[in-house]
Amino acid sequence: MAKARRVPVRSFGSEVEIPPVGELADWVREQRGSSADLTTYLLDRSLSVQQGVDLPCAGGLCYRDRWLSSLPGIRDRVLVHDPDPFTGDVEGDALGIVAARKGAWVGIPAPHMLDVRDGYFHDPEECCAALCGAYRDLMRAMRDRGIRGHVILADAPDGCELELLAGSRAYYMVRDPGVDDLEAILEHQPRIAVPSPLLTEAVALQDEYRIRSIALLDPMPGDLATASELLDLGRIETGGYCAKDCREYWEQLVERSLIPAIPPLRPAGGSGGYPPQRRSGSGPPG
């Protein structure tokens, strides 16, 4: 009998709201002896709700403050000198994440999502190159501590960022893309996160681009079965990015990541088995 097929679930990040003071205080007491802070809490809670997710991803835009504080060349959201990064804090974060979930990714805001103004280079290309260089150093430091890779969250694709950051261990993801955005991403990486309504248009792009995998975002019943008719099953993932109420979100996404088995066709002429046979020598029905 055919079995339902399970599709791997990839997280692109899970946001966490600032907790009430009492809840945070209780959590801090549990971390006695460590250097845990608010960002550590956000990462911990972000990851803990992703039960059953095959490729979990701690953080998201909620990791922005740590990322900014690791770039001392930025003050009050203004780049005032070369952004040589300080890696100590993110390395500590990486160790905590890996201890909680080996093989986890980390979600970070794309450079343009930091809303940083260039007060140093006064040249968009130089500024982008400097920020991306600092990003690479921070990401490498976290990978050296066991992080599997990074999801770079963006509101729109940026050609400079894609060219300098996208790679096998840095998945550039536009949160609400259009077809043009998907094409811009495919110029630099062979993986795309696709909202379910754009599945057909995204699959059509393989005539022009090499697409290694498609993460279908928030699929509804039937979407994964449709995707499996258009692509090899090994190239399909379920994708998720949660902005709020994340425990139920991930539980439901994991539950929806099954392609139901197709029941065998019932033979005609009976309730099961082979069609009834006529006895030898009997004539046609009158």
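Treat the numbers as computed from the prediction; the structure is a model and nothing was measured.

A. Highlighting the sheet that holds strand S5 (residues 78-79). Pairing is mixed across the open sheet formed by three strands, whose spatial order is S4-S5-S7. Edge positions in the open sheet fall to strand S4 (74-75) and strand S7 (117-118), since each of these has one partner strand only. Relative to S5, S4 runs antiparallel, the two being bridged by two bridges. Residue pairing in the sheet places Ile74 in a bridge with Leu79 of S5.

B. Summary view of the packing of aromatic side chains. Tallied over the full model, the rule gives five aromatic pairs. Each ring, one from Tyr120 and one from Phe121, has its centre 4.8 Å from the other, and the planes form 80 degrees; the classification is edge-to-face. Using a relative accessible area of 38% as the deciding quantity, one classes Tyr120 as partly exposed. When the ring of Tyr249 is compared with that of Trp250, the centres are 4.9 Å apart and the planes differ by 90 degrees; the resulting orientation is edge-to-face. Look at Tyr249 and you get buried, because its relative accessible area is 18%. For Arg10, the ring lying beneath its charged end belongs to Trp105, and the centroid distance is 5.0 Å.

C. Quick look at the side chain of Glu91. Note that Glu91 resides in helix H4 (residues 88-100). At a separation of 3.0 Å, a polar atom in the side chain of Glu91 contacts the side chain of Arg145. The contact partners of Glu91, leaving out residues within four places of it in the chain, are Ala141 and Arg145.

D. How the structure looks around the state of the cysteines. According to the stated counting rule, one finds two disulfides in the structure shown. Between the sulfur atoms of Cys128 and its disulfide partner Cys160 the distance amounts to 1.9 Å. Disulfide Cys128-Cys160: the torsion about the S-S bond is -110 degrees, which places it as left-handed. On the criterion of sequence distance, the pair formed by Cys128 in helix H5 (residues 124-144) and Cys160 in helix H6 (residues 159-165) is long-range, its members being 32 residues apart. Exposure remark for Cys160: the relative accessible area of 24% places this residue in the partly exposed category. Two residues, Cys242 and Cys246, share a disulfide whose sulfurs are 2.2 Å apart. For the disulfide bridge between Cys242 and Cys246, the dihedral angle about the S-S bond is near -105 degrees, and by the sign convention the bridge is left-handed.

E. Summary view of the sheet that holds strand S11 (residues 213-217). One open sheet holds the four strands; their spatial order is S2-S12-S11-S10, and the pairing between them is parallel. The sheet is open, and its two borders are formed by strand S2 (9-14) and strand S10 (191-195), each paired with just one other strand. Ignoring which end each strand starts from, the neighbouring axes of this sheet average 30 degrees apart. In the sheet, S11 pairs with strand S12 (residues 236-242) via four bridges, with the strands oriented parallel. Residue pairing for S12: Leu217 is matched across the bridge by Gly239.

F. Quick look at helix H7 (residues 179-186). What H7 keeps buried is the set Leu182, Ile185 and Leu186. Angularly, the buried residues of H7 cover 95 degrees about the axis, an arc narrow enough to put them on a single face. Elements that come into contact with the buried residues of H7 comprise H6, strand S9 (170-174), S10 and helix H8 (199-204).

Rules used in this analysis
Residues numbered from 1 in each chain as written. Predicted model: local features only at pLDDT ≥ 70, side-chain atom pairs only at ≥ 80, totals over all residues. Heavy atoms only, no water. Pairing = 2+ DSSP bridges. Helix = DSSP H or I, 4+ residues; strand = E, 2+ residues; numbered from the N terminus. Phe/Tyr/Trp six-rings, centres within 6.5 Å; stacked < 30°, edge-to-face > 60°. Buried < 20%, exposed > 50% of the residue type's maximum accessible area, 1.4 Å probe, protein only. Lys NZ or Arg CZ within 6 Å of the ring centre and 35° of its normal. Polar contact = N/O pair within 3.5 Å; in protein donor to acceptor, adjacent residues only side chain to side chain. Contact = heavy atoms within 4.5 Å. Disulfide = S-S within 2.5 Å. Axes fitted to C-alpha atoms, helices over the stretch in contact; angles between N-to-C directions. Arc of directions from axis to C-beta.

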